[in-house]
Structures are given as structure tokens and as C-alpha cells.
Amino acid sequence: MLYATIMAGGSGTRFWPASRQAFPKQLLSLIGDRSMLQATVDRLQGLCPVERILILTNQRLIEATRAQLPDLPIGRLIGEPFKRDTAPCIALAASLIVAEEPEAIMLVMPADHVIKTDSQFEQAIEAALELVDEDDSRLVTFGIKPTYPATVFGYIERGELLRSQQGRVYQVARFREKPDESTAKQFVDSGNFYWNAGIFVWKARTILKALQSYEPEMYATISAISAALGREDFEQVFREQFEQIKGKSIDFAVMENYPNVCVVEAPFDWDDVGNWSCLPRLAGCDDHGNTTIGSNLVIDTRDCIIRSSHEHLVVTLGVENCIVVHTPDATLVADRRDEAAVRKVVEKLEQLGWIDYL
């Protein structure tokens, strides 16, 4: 029986000013009418019913998330009181799932990725389910064939070929952290590396057992939270225990140490939507390299990304390599070649105490 866990607690600072603390990027509709979170839930329709979808987010995002997913049953939306990275998030979800169905298989995925080919995604998940059915000690992840030497992704080095029919599956040789440009080029040129998509399939009890082995303190804390389910003091226990957890990614906590990890070569189109530079890939460009969303008039403008609403006109005249993002209370104008600096804006706003713009 498949349960899906969607991690939806990110802040999306690289999408400022559209992404804010109270309404981060997973709740945005970058293209089309559906937000990334809504599209992620839609993608699961052929795999599991909404009753077996669990969404974990930040407590302050509960109301906004609930508004986007009104059909999600009560109890399937969990608000973490503190940000503690992916390992505690997954541990909490797994413990809740095991309490309900001890033999459940668990699909874990972020809420802020764009996957255009839902049918191929479904096929890939079904292949992963077969791998777990064959060996319930397996942890299955998905690798994206790299198209350029990216330095913003972690990498998976593949080992022995386990299966070639209906998609290639390899034993994982090792996980590699985000590399520098030279190392990333070596990875891509070798043909033995994938981008780490951060999507996983495993038995819920298997990941809990792994966490118990590698992160016993974290496991004990999550167990204390699970034991309080249904009690009047659950919220107090949840907050007090969760605060004690040392945040750690699931890659650091388990995946890099676990001996039985395999990687499915992903057949689906995937984009991690990391910053504004994703828009040309998602929405395309005009003949001059411009990507525009909303009401825009571009004159003598080249290689720009411009996002506005249909109620506000943005005009660019004689500019190149710019990012322009208009929102009702803040507008960003940035050099497209230094987009990493967008994070500095958020840091500066925090330093100034301009909390209305965060």
C-alpha cells in the first residue's frame, strides 16, 4: 500500500519578491493556473488516493496550504513548529504512516519541483515499487541525467547495473555533494553520474530502522512525538521534542551511509525550479531571448526575464540580461548574470528589520 509524503516547508528566498515567508514558492503559480504544490498533488492521482497523501510544512503555512488543498482530509496536513531539514521531516512522516499501516511503502517528494510528464513519472514510481517489493531493505532514489555541469545539485554516482528493461536501475556507488564547476564537468563527461532529484521510495519501517541505526537521538525524539498521538498534550510534546532535534538532510543522515541504495534513471522531464532563471526553461523565450509573464511591453530588450501581473504593465526599453519581477508591494530589478545575489536582498531586509517585505 503506497503512501505519499510531500515536503512543503521551503522558503524559496531566491524567488523574492514573489516568494515570501507567508507565501513561499511552492504555493506560487509560476506558469499555468496551478501552484507547484497543487501540481505535485495532482501528479499523484494515478498512484494513491488523497487519503494516503501526507503533507508536511511549516506551522505558519498551514492556513495558506489548506486554502490550496481544500479536499485534503483533516489530519493529512502537518505543521512543523521549527525548521529541521528533511531527515526529521521524513522520520515524522514515516512514524505516522507506520502507526496506520505497518507495511506501507512510502513515496517522498518535494513540493517545489516541476515534472512535465506525469505518465512517465507514474511509470517510474511503479518501477520503484517493484524494486521495494523484491527487496524491502532497499532504499530507492531517482537520478536525473545531467544536461550541463550544474554546481547547484548534488550528484549520484552509479555502480552495478541491476536492471535494463523498463528503465535502467543501478546500485548507488556513492553520493557526491554539490561540486565546483571543474568537478561537475568531470562528473558529466564520465557519464556515470546523475543529478540527485531528492525523490525516494522505500518501506516506511525500513527508513525508520535506518534512522534508528544512524541517528538514534533523532529517532528517539520522533518516537516520543509519535507516542503522544491522540493525547491532549500532543501539541506541547510535538513542539518541545521537535525543537530538540538537530536538523540534518536525509542524504547526510541515511543515504550516504546505507549499503542498499539503488537509483532509477528518471524517464520524466524534471526541473527543480531553483531560481528565476528556470522561467525560460518552463515558459520559453521570444526571438530575442526574453521570457515574459503577465502584462509586458519589451522594446530593444534582450535576454531578460520579466514577470508581472495582468493588472500592472511593465515596460523595458533598451536593457539586456535583466530580471524584473513586479509584485503589489515590491519590485526586483537584477542582473541576470548574478542571480545568486537575490538571496542577499532577503538577508539585507532581515538586517534592516523590514519584515513587511519578507
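Just above sits the structure.
Residues numbered from 1 in each chain as written. Predicted model: local features only at pLDDT ≥ 70, side-chain atom pairs only at ≥ 80, totals over all residues. Heavy atoms only, no water.

A. Representation of the packing of helix α7 (residues 216-227) against helix α8 (residues 234-244) within the structure. It is at 9 Å that the axes of α7 and α8 come closest, and there the two elements cross at 175 degrees. Comparing their axes, α8 and α7 come out roughly antiparallel. Mapping the contact onto sequence places Thr221, Ile222, Ala224 and Ile225 in α7 and Phe234, Val237, Phe238, Gln241 and Phe242 in α8. (Axes fitted to C-alpha atoms, helices over the stretch in contact; angles between N-to-C directions. Helix = DSSP H or I, 4+ residues; strand = E, 2+ residues; numbered from the N terminus. Parallel < 35°, antiparallel > 145°, perpendicular 65-115°, else oblique. Contact = heavy atoms within 4.5 Å.)

B. Structural context of the sheet that holds strand β16 (residues 322-326). Ordered in space as β12-β14-β16-β17, the 4 strands form an open sheet in which the pairing is mixed. Only two strands of the sheet have a single neighbouring strand rather than two, namely β12 (291-293) and β17 (331-335). Between one strand axis and the next, the sheet turns by 5 degrees as a mean value, whatever way the strands run. Looking at chain direction, strand β14 (residues 305-307) and β16 are connected through 3 bridges and run parallel. Residue pairing across strands places Arg307 opposite Val325, the latter belonging to β16. (Pairing = 2+ DSSP bridges.)

C. Up close: the state of the cysteines. As enumerated under the stated definition, the model contains 0 disulfides in all. Cys304 provides the cysteine sulfur closest to Cys285, a residue in no disulfide bond, and the two sulfurs are 11 Å apart. Between Cys304, a cysteine without a disulfide, and Cys322, which holds the nearest cysteine sulfur, the sulfur-to-sulfur distance is 4.7 Å. Cys304 sits in the buried class, given a relative accessible area of 1%. (Disulfide = S-S within 2.5 Å. Buried < 20%, exposed > 50% of the residue type's maximum accessible area, 1.4 Å probe, protein only.)

D. Fine view of a nonpolar patch on the surface. Together, Leu297, Ile299, Leu313, Val315 and Leu317 make up an exposed nonpolar region whose accessible area comes to about 450 Å². Listing elements by their share of the nonpolar patch, those giving two or more residues are β13 (296-299) and β15 (314-317). Inspection of the secondary structure puts Ile299 in strand β13. Taking relative accessible area as the criterion, Ile299 reaches 35% and is therefore assigned partly exposed. (Patch = residues over 30% accessible without salt bridge, like charges linked within 9 Å, V, L, I, M, F, W, Y side chains within 5 Å. Areas by Shrake-Rupley, 256 points an atom, 1.4 Å probe, with all protein chains shown as cover. Salt bridge = Lys/Arg side-chain N within 4 Å of Asp/Glu carboxyl O.)

E. Region of the structure containing a positive patch on the surface. On the surface, a cluster of positive charge is made up of Arg60, Lys83, Lys178 and Arg343. Here Arg60 lies in the loop between β2 (53-58) and α2 (62-68). Residue classification places Arg60 among the partly exposed positions, given a relative accessible area of 45%. (Lys, Arg positive; Asp, Glu negative; His and termini not counted. Charge placed at Lys NZ, Arg CZ, Asp CG, Glu CD.)

F. Fine view of the packing of helix α6 (residues 204-214) against α7. Axis separation between α6 and α7 bottoms out at 5 Å; the angle between their running directions is 125 degrees. In this view, α6 runs oblique relative to α7, as classed from their interaxial angle. Here α6 contributes Leu208, Leu211, Gln212, Ser213 and Tyr214 to the contact with α7, which in turn contributes Pro216, Met218 and Tyr219. Taken together, the residues of the contact of α6 with α7 sort by class into 6 nonpolar, 2 polar and no charged. (Nonpolar A, V, L, I, M, F, W, Y, C, P; charged D, E, K, R; others polar.)

G. Main features of the pattern of salt bridges. In total, this model carries 18 salt bridges according to the counting rule given. With a shortest N-O distance of 2.7 Å, Asp329 and Arg20 are connected by a salt bridge. With Asp329 in the loop between β16 and β17 and Arg20 in the loop between β1 (2-7) and α1 (36-42), the pair connects residues that are 309 residues apart, well separated along the chain. Residue classification places Arg20 among the buried positions, given a relative accessible area of 12%. The partner of Asp233 in a salt bridge is Arg231, and the shortest N-O contact between them spans 3.0 Å. Taking the relative accessible area as the measure of exposure, Asp233 reaches 29% and is therefore partly exposed. Note on Arg231: relative accessible area 42%, which makes it partly exposed. Each of the salt bridges in this network shares a partner with another, and the network as a whole consists of Glu103, Asp136, Lys203 and Arg205.

H. Just the side chain of Asn321, in detail. In this structure, Asn321 sits in the loop between β15 and β16. Given the relative accessible area of 18%, Asn321 is considered buried. Contacts of Asn321, omitting those with residues within four sequence positions, involve Arg302, Asp303, Cys304, Ala334, Asp335, Arg336 and Arg337.

I. Structural context of unusual backbone geometry. Between Trp16 and Pro17 the backbone carries a cis peptide bond, its omega angle lying at 10 degrees. Structurally, Pro17 can be placed in the loop between β1 and α1. Even without glycine at this site, Asp300 takes up a positive phi of about 50 degrees. Of note, Asp300 is situated in the loop between β13 and β14. We note that Asp303 has phi near 55 degrees; this positive angle belongs to a residue other than glycine. Counting through the fold element by element, Asp303 comes out in the loop between β13 and β14. By relative accessible area, which is 33% here, Asp303 ends up partly exposed.

J. Structural detail: helix α11 (residues 342-352). Those residues of α11 that sit buried are Val342, Val346 and Leu349. Seen end-on, α11 carries its buried residues on one side only, within an arc spanning 60 degrees. Facing away from the buried side of α11 by more than 90 degrees, the exposed set consists of Lys344 and Gln351. Positive phi shows up at Gly353, right after α11, with a value of about 75 degrees. (Arc of directions from axis to C-beta.)

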